[in-house]
Amino acid sequence: MERADSIKLDSFELSIGDIADADLDALHALSMSVGWPHRAEDWQLARELGHGIVARDAIGRVLGSAMWFDHAPDFTTFGLVITLPRLQMLGAGTWLMNHLLAQTGSRAIGLNATRSARRLYKSLGFAPERTVYQCQGDAIATPQGTLPSGAALRSLTRDDLDEIAALDRAAYRADRTSVLARLVELSKGMALVRGDRIAAYSLCRRFGRGHLIGPVVAASDDDAIAVTRPHVADHAGAFLRIDTRQKSGSFAEFVAQCGLPVYDTVTSMSLRRPWLIDDAGGEKPIIYGLASHALG
Ligand SMILES: CC(C)(COP(=O)(O)OP(=O)(O)OC[C@H]1O[C@@H](n2cnc3c(N)ncnc32)[C@H](O)[C@@H]1OP(=O)(O)O)[C@@H](O)C(=O)NCCC(=O)NCCS
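Residues numbered from 1 in each chain as written. Predicted model: local features only at pLDDT ≥ 70, side-chain atom pairs only at ≥ 80, totals over all residues. Heavy atoms only, no water.

What about the overall build of the chain?
What counts here: Secondary structure elements are defined from DSSP: runs of H or I of at least 4 residues count as helices, runs of E of at least 2 residues count as strands, and each element is numbered from the N terminus. Radius of gyration: over C-alpha atoms. The globule rule applied is 2.2 Å multiplied by the number of residues raised to the 0.38 power. Note on exposure labels: buried denotes an accessible area under 20% of the residue type's maximum, exposed denotes more than 50%, and partly exposed covers the range between, all computed with a 1.4 Å probe on protein chains only. Only heavy atoms matter for contacts: two residues are in contact if any of them lie within 4.5 Å across the pair. For the charge count, each Lys or Arg is scored as positive and each Asp or Glu as negative, with His and the chain ends excluded. All charge positions are set by atom: Lys at NZ, Arg at CZ, Asp at CG, Glu at CD.
Looking only at helices and strands, the chain features eight helices and 13 strands. Since a compact globule built from 296 residues should have a radius of gyration of about 19 Å, the 20 Å found for the chain is in line with a globular shape. Overall, the C-alpha framework of the chain stretches about 85 × 40 × 30 Å when taken along its three principal axes. Here the chain holds 296 residues, and 53% of them are scored as buried. A sequence separation of at least 24 residues applies to 73% of the contacts in the chain between residues at least 6 apart. Taking the average place of the 32 positive charges on the side chains of the chain and the average place of its 34 negative ones, the gap between the two points comes to 3 Å.

Below is the structure:
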């Protein structure tokens, strides 16, 4: 009997399931299949903070995922949109995204698009806004600089949650109190204090291959550096990551000096209304470090 050397097998039949019911190891295997560093614990945290769907094949295997994270009644972020490499370019990504769009109704949406996803999101109406620089490497402690004048640095405690959530809200333009409450539990945090008010804060937690610094919120490069530096010192010699939209200026230079060069970029995109404020030259707090690509 004649046997062909190749066979076309692209007739996958997929169905949608709730990500809450998916096996963590299957989600971990999915993100590893596209080279992402997430640990099972990182998936677990994402599930605690958001909602999502998985694509399953006829025998229940997880072949795709997509999540959303509500930050306000009218604003959500999308993330962890993945299809298994052997399934890509067949329409599964678009199918998952259309499900997310249906689930999230008329809410404004922000997301951080990888290069391979940018065209897909553009075709769904998302507009590109800013570049995010994923900076990572083996951290190098930099000499302790002088603190910005009139400022003191201290560790964050859980009692600071309301105050950092208010500062964060001014920068992020949506209330992330519940997300921050969970991140504060998992992170070491620093606060820059002026008088009796927190003027800048940063968190640092385990993520992927090492630790991730974020969010970092401050109103100036100097303040952002002051709250970031202690985390770099803590992890000197180990893998560290920070995602920032600062392309140039002293914060970007500081990150590079810490042994964290730009490894990759993603594009912040929005649907229905612009996501990011113009942060040029103001004295308002801005996001110097993202909590993650998915959370913004
Ligand atoms: C980004 C990702 C989710 C897209 O998933 P996908 O299943 O390939 O998505 P689709 O097949 O729906 O669409 C991808 C492209 O294939 C095209 N396409 C869809 N069906 C097709 C078909 N039958 N034949 C040829 N092309 C097709 C789409 O038009 C789209 O093209 P475009 O880039 O010009 O818009 C997937 O590539 C992935 O998991 N990448 C790695 C992880 C990642 O970067 N995720 C994004 C996080 S923001």
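On we go.
Some details on the site of the ligand
Condition: When we say a residue is near a molecule or strand, we mean one of its heavy atoms is within 4 Å of it. Any N or O atom pair separated by 3.5 Å or less is treated as a polar contact, with the protein-specific requirement of one donor-capable and one acceptor-capable atom, and with residues adjacent in sequence counted only for side-chain atom pairs. Methods summary: accessible areas were calculated by the Shrake-Rupley approach with a probe of 1.4 Å, and residue burial reflects only the protein chains presented.
Close contacts around the ligand come from 20 residues, with Val81, Gly91, Thr94, Thr114 and Arg119 the closest. Between the ligand and Val81, the relevant distance is 2.7 Å, taken from a nitrogen atom to a main-chain nitrogen or oxygen of the residue. At 2.8 Å, a backbone N or O of Met89 approaches an oxygen atom of the ligand. For the ligand, the accessible surface in isolation is 930 Å², of which the surrounding protein chains cover 74%. Of all the secondary structure elements, the ones that give two or more residues to the shell around the ligand are strand 4 (75-83), helix 3 (92-103), strand 5 (108-113) and helix 4 (115-123). The greatest single-element share of the shell around the ligand, amounting to five residues, is contributed by helix 4.

Focus: the domain arrangement of the chain
Applicable threshold: Bear in mind that the domain bounds are from an automatic or database domain assignment. Buried area: the accessible surface (1.4 Å probe) lost by two parts on joining, summed over both.
Its domain assignment divides the chain into domain 1 (15-106) and domain 2 (134-289). A C-alpha centroid distance of 27 Å is found between domain 1 and domain 2. Listed by partner, the interface residues are 15 residues for domain 1 and 18 residues for domain 2. Carbon and sulfur atoms supply 60% of the area buried between domain 1 and domain 2, which totals about 1400 Å² over both sides.

Remarks on helix 8 (residues 250-257)
Going by this rule: For this quantity, the arc is that covered by the directions from the helix axis to the C-beta atoms.
Of all the positions in helix 8, only Phe251, Ala252, Phe254 and Val255 are classed as buried. All buried residues of helix 8 lie within an arc of 160° about the axis, which places them on one face of the element. The secondary structure elements touched by the buried residues of helix 8 are strand 6 (127-138), helix 7 (221-234), strand 11 (239-244) and strand 13 (286-289). Of the residues flanking the end of helix 8, it is Gly259, one or two places downstream, whose phi is positive at about 80°.

Details of the side chain of Ser65
Within the element layout of this structure, Ser65 appears in strand 3 (residues 62-72). Only 2.8 Å separates the side chain of Ser65 from the backbone oxygen of Leu80, close enough to count as a polar contact. Setting aside anything within four residues of it in sequence, one finds Ser65 in contact with Ile19, Leu30, Trp43, Ile53, Val54, Leu80, Val81, Ile82 and Leu96.

Some remarks on the pairing of strand 6
The line we're drawing: Pairing between strands is defined by DSSP: at least two bridges between the two strands are required.
Note that strand 6 and strand 12 (residues 262-271) share eight bridges and pair antiparallel. Of the residues in strand 12, the one forming a bridge with Gln134 is Asp264. Pairing of strand 6 with strand 11, which is carried by six bridges, proceeds in the antiparallel orientation. If you follow Gln136 over to strand 11, its bridge partner there is Arg241.

Describing the packing of aromatic side chains
Just so we agree on the cut-off: Only Phe, Tyr and Trp rings are paired, with Trp represented by its six-membered ring, and only when their centres lie within 6.5 Å; those with planes under 30 degrees apart are stacked, over 60 edge-to-face, the remainder tilted.
Under the criterion given, the structure shown has six aromatic pairs. Arranged with centres 6.0 Å apart and planes meeting at 40°, the rings of Phe75 and Trp275 form a pair that is tilted. You can see Phe75 sitting in strand 4 and its partner Trp275 sitting in the loop between strand 12 and strand 13, a full 200 residues away along the chain. The exposure classification of Phe75 matches that of Trp275, with both residues buried. An angle of 40° between the planes, with centres 6.4 Å apart, marks the rings of Phe251 and Phe254 as tilted. With a gap of three residues between them, Phe251 and Phe254 both fall in helix 8, about one helical turn apart.

Observations regarding helix 1 (residues 24-33)
Every buried residue belonging to helix 1 is among Leu27, Leu30 and Ser31, and all of these are buried. One side of helix 1 holds all its buried residues, which, seen down the axis, span an arc of 90°. Tucked into the core, helix 1 has its buried residues touching helix 2 (40-49), strand 2 (51-56), strand 3 and strand 4.

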